[in-house]
Amino acid sequence: MADIERDPMEAQVDAWMQQFARLDDRPRSLPDASTLWVRATLLQSVVTAERANRPITNAQIGAYLVVAAGWAALLMWKWNALATWLRGFTPTHIILGAAGAEAATSLSLTFVLILIVLASVTVMLAFHTILAEE
Amino acid sequence: MTADGTVLLLPFAPRATTARRTPKRPMDEAKFEAFYRKTAGSIWSYIFRMTGDAAAADDLLQKTFFRFLRAQPEIANDDHLRHYVFKTATNLVFDHFREGKRDREHAIEALPSAEYHPERRELRHDMMRVFAELKPQERALLWLAHVEGCSHDEIADAVGVRSKSVRVILFRARKHLAELLTRKGLAPEPRHG
């Protein structure tokens, strides 16, 4: 760097920058290199684990959607029968039913089976989510 | 390439390089520590001068080295690694400004004080204020050119401008700083010879 060839403005700025750079304003020690190394290694492990878990997470989200769609379809398919069945839980209907005054609304065996399967899948999914989080 | 003829690489084996013919030796912890000891102080000072905020400088310094360790740059020597770290730090500082995390006025008021040297504190305060009036890009260019002694190509790479533009931007930055110094009566006597 030949100061002689510099224009005065550049020399002035250079002198000021050198003075500015010499200011000692580091108040405390810098982060420890080995700590940074360990943290970077851990961070990398977390990133790798997340990358590895991504397909599982996607499958889990897919399963939630399938189960939700299953419940929605089931409710829409047999909504009238379900509504009647639910209405049967009022005290009046229970008494009338016990007296044999009202014929019980029957739900098909297929429906009951689907209901059981869907409920089982929902419970399994819930358990899986809880255990995976733990 | 280091003295023992190995290429410095960082700890996590890069996918892109696994198929290469030359076997690469990753940078181990000891090499990283040595490199960090040589570089971290300068990087901290650079980030601190750019942001005027000691806490941000600590934070960005750590982020810089995290990125450095994660990126695993295939760089032949320590000078290039150092340049790579400055480039990363510059990007992080610019991101920091873009995210609007800074509060320069507050930061400058909260500068770590040289309790026993009030005159030095005042000088530092004035210098930081002057430097803070420059645009971030101007600050980066001036620091890299005058303090780190980077070439125009290196500055262009670090700051993300074309190499040909560096001369012009640097000239404007010098002019801007010289005007500020003159206006505030802080201009030093230029060194001759």
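Reading guide: rules and limits
- For every chain, the first residue of its written sequence is number 1, and the numbers climb from 1 along that sequence.
- Just so you know, chain letters begin at A and ligand numbers begin at 1, following the order they were written in.
- Under the rules for a predicted model, residues below a pLDDT of 70 receive no local features and side-chain atom pairs below 80 are neither given nor counted, while totals for whole chains, interfaces and linings still include all residues.
- All axes are obtained by fitting lines to C-alpha atoms, using only the stretch in contact for helices, and the reported angles, taken between N-to-C directions, cover 0 to 180 degrees.
- Numbering of helices and strands runs from the N terminus; a helix is a DSSP stretch of H or I covering at least four residues, while a strand is a stretch of E covering at least two.
- Should an angle fall under 35 degrees it is taken as roughly parallel, and over 145 as roughly antiparallel, whereas 65 to 115 is taken as roughly perpendicular and any remaining angle as oblique.
- Here is the rule for handedness: rotate from the far helix to the near one, and if that takes an anticlockwise turn smaller than a right angle the crossing is left-handed, while a clockwise turn gives right-handed.
- Contacts here follow a simple rule: the backbone-placed C-beta atoms of the two residues must lie within 7 Å.
- Along the chain, pLDDT gives the predictor's confidence residue by residue, from 0 to 100.
- To estimate how far a helix should extend, the number of its residues minus one is multiplied by 1.5 Å.
- Exposure is read from a count of other C-beta atoms within 10 Å of each residue's own; the residue is exposed at 12 or fewer, buried at 20 or more and partly exposed in between. C-beta atoms are placed from the backbone.
- Residue classes follow a fixed rule: Ala, Val, Leu, Ile, Met, Phe, Trp, Tyr, Cys and Pro count as nonpolar, while Asp, Glu, Lys and Arg count as charged, and any other residue, Gly among them, counts as polar.

## With respect to the packing of helix H2 (residues 54–71) of chain B against helix H3 (residues 78–98) of chain B
Residue and element names in this part refer to chain B.
Part 1 of the argument: Packing of H2 against H3 brings their axes to within 9 Å, and their N-to-C directions diverge by 130 degrees. By the angle between their directions, the pair H2 and H3 is classed as oblique. Where H2 crosses over H3, the two elements pack in a sense that is right-handed. Taken together, the residues of H3 that come into contact with H2 (itself represented by Ala56, Leu60, Lys63, Thr64, Arg67 and Phe68) are Val85, Thr88, Ala89, Leu92, Val93 and His96.

## Things to note about the interface of chain A and chain B
Part 1 of the argument: Residue-level contacts link 29 residues of chain A with 37 residues of chain B.
Part 2 of the argument: Listing elements by their share of the side of chain A that touches chain B, those giving two or more residues are helix H1 (8–22) and helix H2 (33–77) of chain A.
Part 3 of the argument: Per-element accounting of the side of chain A that touches chain B gives the leading share, 13 residues, to H1(A).

## Considering the confidence of the model for chain B
All names here are of chain B.
Part 1 of the argument: When the pLDDT values of chain B are averaged, the result is 78; 73% of them are 70 or greater.
Part 2 of the argument: Per-element mean pLDDT across chain B ranges from 46 in strand E1 (residues 8–9) up to 93 in helix H6 (residues 136–147).
Part 3 of the argument: In this model residues 1–23 is a low-confidence stretch, pLDDT under 50, and it forms 34 contacts with partners more than four residues away in sequence or in other chains.

## Quick notes on H2(B)
One turn of the α-helix equals 3.6 residues, which is why residues spaced by three or four share an orientation.
Part 1 of the argument: Compared with the 26 Å implied by 1.5 Å per residue over 18 residues, the 25 Å span of H2(B) between its first and last C-alpha is a close match.
Part 2 of the argument: Every buried residue belonging to H2(B) is among B:Ala56, B:Ala57, B:Leu60, B:Leu61, B:Thr64, B:Phe65, B:Phe68 and B:Leu69, and all of these are buried.
Part 3 of the argument: For H2(B), the elements touching its buried residues are H2 of chain A together with helix H1 (29–51) and H3 of chain B.
Part 4 of the argument: Within two residues after H2(B), B:Gln72 carries a phi angle of roughly 50 degrees, on the positive side.

## Looking at the packing of H1(A) against helix H8 (residues 163–184) of chain B
Part 1 of the argument: Relative to each other, H1(A) and H8(B) sit at 75 degrees, their axes nearing to 9 Å. As summarised for this structure, H1(A) and H8(B) are arranged roughly perpendicular, according to the angle between their axes. The segment H1(A) lies against H8(B), with A:Met9, A:Glu10, A:Gln12, A:Val13 and A:Trp16 engaging B:Arg174, B:Lys175, B:Leu177, B:Ala178 and B:Leu181.
Part 2 of the argument: Classifying every residue of the contact of H1(A) with H8(B) by side-chain character gives six nonpolar, one polar and three charged.

## Describing the environment of B:Val166
All names here are of chain B.
Part 1 of the argument: Among the secondary structure elements, valine 166 is positioned in helix H8.
Part 2 of the argument: C-alpha of valine 166 to C-alpha of histidine 152: the two residues are 14 residues apart in sequence and 6.1 Å apart in space.
Part 3 of the argument: If we skip the residues at most four places from it in the chain, valine 166 touches His152, Ile155, Ala156 and Val161.

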